[in-house]
Amino acid sequence: MNVLDIRRQFPILDQEVNGKPLVYLDSSATSQKPITVIETVERYYKEINSNVHRGVHTLGTRATDAYEGAREKVRKFINAKSTQEVIFTRGTTTSINTVAQSYAAANLTAGDEIVITYMEHHSNIIPWQQVAKRTGAVLKYIPLQEDGTISLEDVKATVTANTRVVSVMQVSNVLGVINPVKEIAKIAHENGAIMVVDGAQSAPHMKIDVQDLDCDFLAFSGHKMCAPTGIGVLYGKKHLLENMEPIEFGGEMIDFVHLQESTWKELPWKFEAGTPIIAGAIGLGAAIDFLNEIGLENIAEHEHKLAAYALDKMSSVPGMTIYGPLDAAKRAGLVTFNIEDVHPHDVATVLDAEGIAVRAGHHCAQPLMKWLKASATARASFYLYNTEDDIDKLVEGLVKTKEYFSDVF
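Participant: Would you mind showing me how to read helix α4 (residues 92–107) here?
Facilitator: Between the first and last C-alpha of α4 there are 21 Å, a value that for 16 residues agrees with the 22 Å anticipated at 1.5 Å per step. At Ala100, α4 shows its maximal bend, which comes to roughly 25°.

Below, the structure is given as structure tokens:
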């Protein structure tokens, strides 16, 4: 893949920030958008803007075709069996909440177990905490190895015959760890539990095949994979979705409404109440086209090389602590770190003065921060438009940061 050609397709990257060329290293928070996606969303509003599944006029038909066409693109992208298994949501958070509130709350009772890990994003912790409170279920955590990875032996020891739900992120947004979700799903199923995969940090960066993973649910967001904000996906096995009740009610998701009761549309529309995120879904379809043209395998290979390069270069910075495995083969394209005696917010502020955008804070993973014995960390995350030169500038900025605070104190 020609990274320089790819960069030219992202207009936002061609600018200066604080008088310096922008180095964007915060794609784990949200990716930038290629011109093809921007133009696709603009074209929808300029040429076919209309509601879907309702009007029989030409614009309504065109909008519906584009919206449902995007659903088919998602189906192929994750290799779902049917578009009935693809539900458009606002993002990963909404998708996981739907599983928790619809499936888990209805199927769990006191003494049942929900199993997650210490590395989960808050959106894959809090919904399960709430279900546990409502049902009397027990929330359990798979322990982490010293480098932040998961041992399948620990999974086997934590998941029991009482476990009903296992929910694990495929890639950690802090540690960069790539979790063995296929093997975890097998263990979950052997114990009669369902497997939920948080794909927010994996769907943009690697090929996902839900049939091969044999996960029961998969959640991911469009804005992390070159699509607009506000659009996401919940994949679920058809037989599970058919037996779940919607958690939002109103127009679009109904079949018949009577005075005292109503019935719902078939899948997937019974979970898409109200006017859906039409432009977002169509933009997601364009983003999938863009990523497929480049190739998810090529993107993954590129990011592994960047991670290896970053780990090598960043390790030379005095006082540097890097979290997660130091073996680039075990991680995705991000590096979370701290510099001794410098708060990560100060690190991010100094880097911003150099035009370098990184994330600092707890990354919506406070239980993991506690496990790491860190109140906060800084994170540089890479995507298909980043280069080794970006990492060189990051390292230069980190050295400046260390020198600045050494002089100050």
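Participant: Help me understand the sheet that holds strand β17 (residues 377–381) in this model?
Facilitator: Two strands in a sheet stick together by hydrogen bonds in their backbones, pointing the same way (parallel) or opposite ways (antiparallel). Across the sheet, which stays open at both edges, the four strands sit in the order β13-β14-β17-β16 with antiparallel pairing between neighbours. Edge positions in the open sheet fall to β13 (320–323) and β16 (359–361), since each of these has one partner strand only. Adjacent strand axes in the sheet meet at a mean angle of 30° when their direction is disregarded. In terms of strand pairing, strand β14 (residues 334–339) meets β17 through four bridges, oriented antiparallel. Across the sheet, Val335 pairs through a bridge with Ala380, a residue of β17. Most of the contacts of helix α11 (residues 296–314) go to β14, to which it runs at about 15°, and overall it touches β13 and β14. Its contacts with the sheet place helix α12 (residues 344–353) against β14, β16 and β17, and it is angled at close to 160° to β16.

Participant: Mind showing me how you'd approach the pattern of salt bridges here?
Facilitator: Close approach of charged atoms allows side chains with opposite charge to pair. Applying the stated criterion across every chain, the model contains 21 salt bridges. As a salt-bridge pair, Arg379 and Asp26 come within 3.4 Å of each other at their nearest N and O atoms. With Arg379 in strand β17 and Asp26 in the loop between β3 (23–24) and α2 (35–48), the pair connects residues that are 353 residues apart, well separated along the chain. Asp26 shares its class with Arg379; the two are buried. Connected via shared salt-bridge partners are Lys20, Glu354 and Lys400.

Participant: How should empty space enclosed by the protein be read in this particular structure?
Facilitator: To find the voids left in a structure, one rolls a probe of water-molecule size over its atoms. The tally for this structure, following the rule as stated, stands at one cavity of 30 Å³ or more. Ser28, Val171, Gln201, His205, Glu303, Ala332, Gly333 and Leu334 together form the lining of the largest cavity. For the lining of the largest cavity, the residue count by class is three nonpolar, four polar and one charged.

Participant: Just to check I follow, could you spell out the side chain of Thr89 for this structure?
Facilitator: Positionally, Thr89 belongs in strand β4 (residues 86–89). From its side chain, Thr89 meets the backbone oxygen of Gly91 in a polar contact 3.1 Å long. Polar side-chain contacts of Thr89 include one of 2.8 Å to the side chain of Ser95. Here Thr89 is in contact with Thr94, Ser95, Gly230, Ile231, Gly232, Val233, Leu234 and Ile277, once residues within four sequence places are set aside.

Participant: Hey, could you run me through the sheet that holds strand β10 (residues 232–236) in this one?
Facilitator: Sheet architecture is open: seven strands sit in the order β4-β10-β9-β8-β7-β5-β6, paired in mixed fashion. Both edges of this open sheet fall to β4 and β6 (138–142), since each of them pairs with a single strand only. The average angle at which neighbouring strand axes cross in this sheet is 20°, direction not considered. Summarising the sheet, strand β7 (residues 163–169) and strand β8 (residues 194–198) pair through five bridges and their orientation is parallel. Following the sheet pairing, Val165 is matched in β8 by Ile194.

Participant: Explain the packing of aromatic side chains here, please?
Facilitator: For any pair of aromatic rings, the description consists of the separation of the ring centres together with the inter-plane angle of the planes. With the rule as written, the count across this model stands at nine aromatic pairs. Between Tyr118 and Tyr141, the aromatic rings sit 5.1 Å apart at their centres with planes inclined by 25°, giving stacked as the arrangement. Of this pair, Tyr118 sits in the loop between β5 (113–117) and α5 (126–135) while Tyr141 sits in strand β6; the two residues are 23 residues apart in sequence, bridging distant segments of the chain. Residue class for Tyr118 comes out partly exposed when judged on its relative accessible area of 31%. With centroids separated by 5.3 Å and ring planes inclined at 45°, the aromatic side chains of Phe249 and Trp264 adopt a geometry described as tilted. Pair noted here: Phe249 is in the loop between α9 (238–242) and β11 (254–257) and Trp264 is in strand β12 (residues 262–264), with a separation of 15 residues, a long-range link. Among the aromatic residues, ring-to-ring pairing joins Phe10, Phe290, Tyr383 and Tyr385 into one connected group.

Participant: Any chance you could explain the environment of Ala105 here in plain terms?
Facilitator: Relative to the elements of secondary structure, Ala105 occurs in helix α4. For Ala105, the residues in contact, after removing those within four places along its chain, are Ala100, Val131, Arg134 and Thr135.

Conventions used here
- Residues numbered from 1 in each chain as written.
- Predicted model: local features only at pLDDT ≥ 70, side-chain atom pairs only at ≥ 80, totals over all residues.
- Heavy atoms only, no water.
- Helix = DSSP H or I, 4+ residues; strand = E, 2+ residues; numbered from the N terminus.
- Expected span 1.5 Å × (residues − 1).
- Bend = angle between axes of the 7 residues up to and from the residue.
- Pairing = 2+ DSSP bridges.
- Axes fitted to C-alpha atoms, helices over the stretch in contact; angles between N-to-C directions.
- Contact = heavy atoms within 4.5 Å.
- Salt bridge = Lys/Arg side-chain N within 4 Å of Asp/Glu carboxyl O.
- Buried < 20%, exposed > 50% of the residue type's maximum accessible area, 1.4 Å probe, protein only.
- 1 Å grid on protein atoms, 1.4 Å probe; cavity = no way out; pocket = protein on both sides within 12 Å on 5 of 7 lines; lining within 4 Å.
- Points joined across faces, edges and corners; volume = space filled by probe spheres on them.
- Nonpolar A, V, L, I, M, F, W, Y, C, P; charged D, E, K, R; others polar.
- Polar contact = N/O pair within 3.5 Å; in protein donor to acceptor, adjacent residues only side chain to side chain.
- Phe/Tyr/Trp six-rings, centres within 6.5 Å; stacked < 30°, edge-to-face > 60°.

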